[in-house]
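Geometric and topological summary
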Amino acid sequence: MQSLLKQLKNSVSEALVAAFGAELADSDPLVVTASNPKFGDYQSNVALSLPKKLKIAPRNIAERIVENLKVDNFCETPTIAGPGFINFTIKPTYLATQLSKIQADDRLGIEPVRSPQRIIVDYPSPNIAKEMHVGHLRPAIIGDCLARILEFIGHDVLRISHVGDWGTPFGMLIAYLREAYSEALTSKEKLDLGELSTFYRQAKKRFDEDENFREAARLSVVQLQAGDEETILAWKIVCDLSSRSYQKIYDLMGIYPEITPRGESFYNPFLPEVITELEELGLLVESDGAKCVFLEGFTNREGEPLPLIVQKSDGGYNYATTDLAAIRYRVKVDKVQQVIYPVGSEQKSHFAQIFQVGKRAGWITENHQFIHAYFGLVLGEDGAKLKTRSGEAVRLKDLLDEAINLARKDLETRLKEEGREETAEFVDRVSQVVGISAVKYADLSQNRTSDYKFSYQKMLALQGNTAPYLLYAYVRVQGISRKGNIDFTKLSTDTKILLEEETEIILAKHILQLGEVLQEVEKDLLPNRLCQYLFELSQKFNQFYDRCPILQADEPLRTSRLILADLTARTLELGLSLLGISVIERM
Ligand code: ARG
């Protein structure tokens, strides 16, 4: 189904051609949702952009467009406001037919894109020689959400985790494995290495206290890079332990389970080729023994061009070399059109630099889009980077557990107040869903490019732009079905939907806008737009619920309102699922 916005754009484009000739066929009709709902649902600002070209006053342009507009099948007569804005109000009868159309459709009328692209979303891509901490939160949540949305829209999405699984930090872990669990290297069976966090901490303790251990760690790095068989085995065991423990947390968070791990080590065999190719292209310059590409537009304090080192003077490669190999591989082997990197904003220059080199090497062409979808920091309530009281980065597991615990406390208080008895399973399930959703939603509802303050209290509140508020709107609808003994899936799709009350019309319009919102998110990769849409949907539903009796209404209004409630719930469910949040029937 074509979105209302798209229909209006087409109509305005046609009217432009009818009024002023074919040379305007390519002008953007500049249709947007109305800046003020008083004036209508949508507006076109195109008349204000054309006076120079047409040498006619904007208001006259607007009048001529309106004369040529053919929208009376779905709009009230368009009006002109101010210097030449054209305002459109959608007819309630038309909204009703559109709602009937989406009622029987699982995708709620949102058609998959006509020309799907192959898109890699590079996430969550943690460095696994560290314990999982709050810094791992955003790439997992944002990457998961973007991948879900792009996939739903119809793209062929590959989720690839560019795991930091190579290099110096592994020396310490390998040395500790050799020291404390040497049997792991000889035994055929998998040895239980205990909790990853304990393993890390003990390795770190040994590293800090003993010079001989540090030497063993350094040696392990050299052996690892030389491909020594036993060291590689030790490295694999450590990586495996780490990945399994990371996976547990992703499962707890409800991150999409099928992500292809393709760590930095995967690209090791291709690194020499990258260097040769850059060399052949004449892009490499030797500087102090290191091989570099001098960057355009990046200068040091003295104004001299900055080098991007791709091979160190000792012959070693680095993060940038690996990422260049990944770019080349993704274009040539994966044959992607788009790669999205949801990675912190502190890596802005890294990505700008590797994208530049990728372009100059001819790997990234005009048919490719490489996008650093960067994000800000998670801050504590004091506005500084989120830390524990002792000053360490907060462990991700602790952070999630705390959210679930607090959700449980809130729930128990509410149950007591309402005098409700619920089973232990119910309490467990609701606390888990609410706790995790609250954390995810608090993250996604902020514009990802800024930092945000992490506050359990705010994110768990039942009021405001929070996950619990949205989940509650969904629960309300399910409550109607329980109370009235109604199976929403059995509501007749032939029922005429009646939109008479203002709150009904407002809600109906909003439901029909999901497709437009998803298109925006596809363009600018800002999930907060979807959050805002779902928040407003919940608000509009609540207003409708307060003003319009549903179960008490007479037929045919009753069924019509039930359909409206069900469509709200299904829109919420779909939208939340795209944020990686599952719904609950009661809470
Ligand atoms: N492992 C990196 C980090 O934790 C992020 C990797 C992002 N992806 C990439 N292709 N560079 O900082």
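Anything mentioned here points back to the structure above.
On to unusual backbone geometry, then. The peptide bond linking Y123 to P124 adopts the cis configuration, its omega dihedral lying at -10 degrees. Structurally, the position occupied by P124 is in the loop between β5 (118-122) and α5 (137-153). The step from E555 to P556 runs through a cis peptide bond, and the omega angle for that step is 0 degrees. Mapping P556 onto the fold places it in the loop between α19 (528-547) and α20 (557-578). The phi torsion at L30 lies on the positive side, around 50 degrees, for a residue other than glycine. Position of L30 relative to the elements: it lies in the loop between α1 (4-20) and β1 (31-33). Under the relative-accessibility criterion, L30 is labelled partly exposed at 31%. The phi torsion at K55 lies on the positive side, around 55 degrees, for a residue other than glycine. With respect to the element layout, K55 can be found in the loop between α2 (51-54) and α3 (58-68). The exposure class assigned to K55 is exposed, which follows from its relative accessible area of 72%.

This part is about the pairing of strand β4 (residues 85-88). The pairing of strand β2 (residues 42-44) with β4 spans three bridges and is antiparallel. Bridge pairing links Q43 to N87 in β4. Relative to β4, strand β3 (residues 79-81) runs antiparallel, the two being bridged by three bridges. The residue of β4 that forms the bridge with I80 is I86. The hairpin formed by β3 and β4 contains three residues between the paired strands, and G82 there has a positive phi angle of roughly 50 degrees.

Take K509: it is sitting in helix α17 (residues 502-511). Taking the C-alpha atoms as reference points, K509 and L537, separated by 28 residues in sequence, lie 9.8 Å from one another. Discounting residues that sit within four places of it in the chain, K509 has contacts with D41 and L95.

Moving on, we get to the packing of helix α8 (residues 211-226) against helix α9 (residues 229-253). At a minimum axis distance of 8 Å, the contact between α8 and α9 shows a crossing angle of 105 degrees. As far as their axial angle goes, α9 and α8 are roughly perpendicular. The segment α8 lies against α9, with S220, Q223 and L224 engaging T231, I232 and W235. Here the residues of the contact of α8 with α9 sort into three nonpolar, three polar and no charged.

Read from one edge of the open sheet, three strands run β8-β9-β10, paired in antiparallel fashion. On the outer flanks of this sheet lie β8 (284-287) and β10 (305-311), each paired with one strand and no other. Each adjacent strand pair in this sheet contributes to an overall mean axis angle of 55 degrees, direction not counted. Sheet topology note: the strand β9 (residues 290-299)/β10 ladder contains five bridges and is antiparallel. Note that in β10 the partner of C292 across the bridge is I309. Contacts between helix α12 (residues 348-360) and the sheet are confined to β9 and β10, with β9 contributing the most and set at about 105 degrees to the helix.

Take the pairing of strand β12 (residues 369-372) next. Where burial is concerned, the two faces of β12 differ: the one with F370 and H372 is buried and the one with Q369 and I371 is not. Looking at chain direction, strand β11 (residues 338-341) and β12 are connected through four bridges and run parallel. Bridge pairing in β12 links Y341 to H372. Following the chain from β11 across α12 to the adjacent parallel β12, one finds a crossover that is right-handed.

Lining the immediate environment of the ligand, one finds D122, S125, N127, H162, Y319, D323, Y341, V343, Q347 and F351. Take D122: an N or O atom from its side chain is 2.8 Å from a nitrogen atom of the ligand. In this structure, Q347 approaches the ligand through a side-chain N or O atom, which is 2.9 Å from an oxygen atom. In isolation the ligand offers 340 Å² of accessible surface; the protein chains occlude 87% of this area.

Turning next to the nonpolar core. What tends to happen in soluble globular proteins is that the nonpolar side chains get buried as a cluster. L99, F170, L399, F454, L530 and L579 are the most contacted members of the largest nonpolar core, which has 162 residues in total. For this core, the leading source of residues is α9, giving twelve residues. Those residues in contact with L530, other than ones at most four positions away along the chain, are I149, L514, V517, L518, V521, G575, L578 and L579. Membership of the second largest hydrophobic core comes to 33 residues, among which are I160, L284, A326 and W363.

All right, on to the pattern of salt bridges then. Scanning all chains against the criterion turns up 35 salt bridges. Close ionic contact of D208 with K204 constitutes a salt bridge, the shortest N to O distance being 2.9 Å. Of this pair, D208 and K204 are both found in helix α7 (residues 196-209), four residues apart, which corresponds to roughly one turn of the helix. Its relative accessible area of 48% is what places D208 among the partly exposed residues. For R420, the salt bridge goes to E418, with nearest N and O atoms at 2.9 Å.

What follows deals with the packing of aromatic side chains. Summed over the entire model, instances satisfying the criterion amount to 20 aromatic pairs. Ring centres of Y181 and F199 lie 5.9 Å apart, and the angle between their planes is 25 degrees; on these two criteria the pair is classed as stacked. You can see Y181 sitting in the loop between α6 (169-180) and α7 and its partner F199 sitting in helix α7, a full 18 residues away along the chain. Here the aromatic rings of F355 and F370 are separated by 5.9 Å at their centres, their planes lie at 65 degrees, and the arrangement is edge-to-face. Taken as a pair, F355 in helix α12 and F370 in strand β12 lie far apart in primary sequence, 15 residues in all. Of the residues examined, F370 reaches a relative accessible area of 12% and is grouped as buried. Site record: aromatic cluster; members linked through ring pairs are F266, Y267, F270 and Y329.

Each value, and the rule that gives it
- Residues numbered from 1 in each chain as written.
- Predicted model: local features only at pLDDT ≥ 70, side-chain atom pairs only at ≥ 80, totals over all residues.
- Heavy atoms only, no water.
- Helix = DSSP H or I, 4+ residues; strand = E, 2+ residues; numbered from the N terminus.
- Buried < 20%, exposed > 50% of the residue type's maximum accessible area, 1.4 Å probe, protein only.
- Pairing = 2+ DSSP bridges.
- Contact = heavy atoms within 4.5 Å.
- Axes fitted to C-alpha atoms, helices over the stretch in contact; angles between N-to-C directions.
- Parallel < 35°, antiparallel > 145°, perpendicular 65-115°, else oblique.
- Nonpolar A, V, L, I, M, F, W, Y, C, P; charged D, E, K, R; others polar.
- Right-handed = clockwise from strand over helix to strand, strands pointing away.
- Near = heavy atom within 4 Å.
- Polar contact = N/O pair within 3.5 Å; in protein donor to acceptor, adjacent residues only side chain to side chain.
- Areas by Shrake-Rupley, 256 points an atom, 1.4 Å probe, with all protein chains shown as cover.
- Core = buried A, V, L, I, M, F, W, Y, C linked by side-chain atoms within 4.5 Å.
- Salt bridge = Lys/Arg side-chain N within 4 Å of Asp/Glu carboxyl O.
- Phe/Tyr/Trp six-rings, centres within 6.5 Å; stacked < 30°, edge-to-face > 60°.

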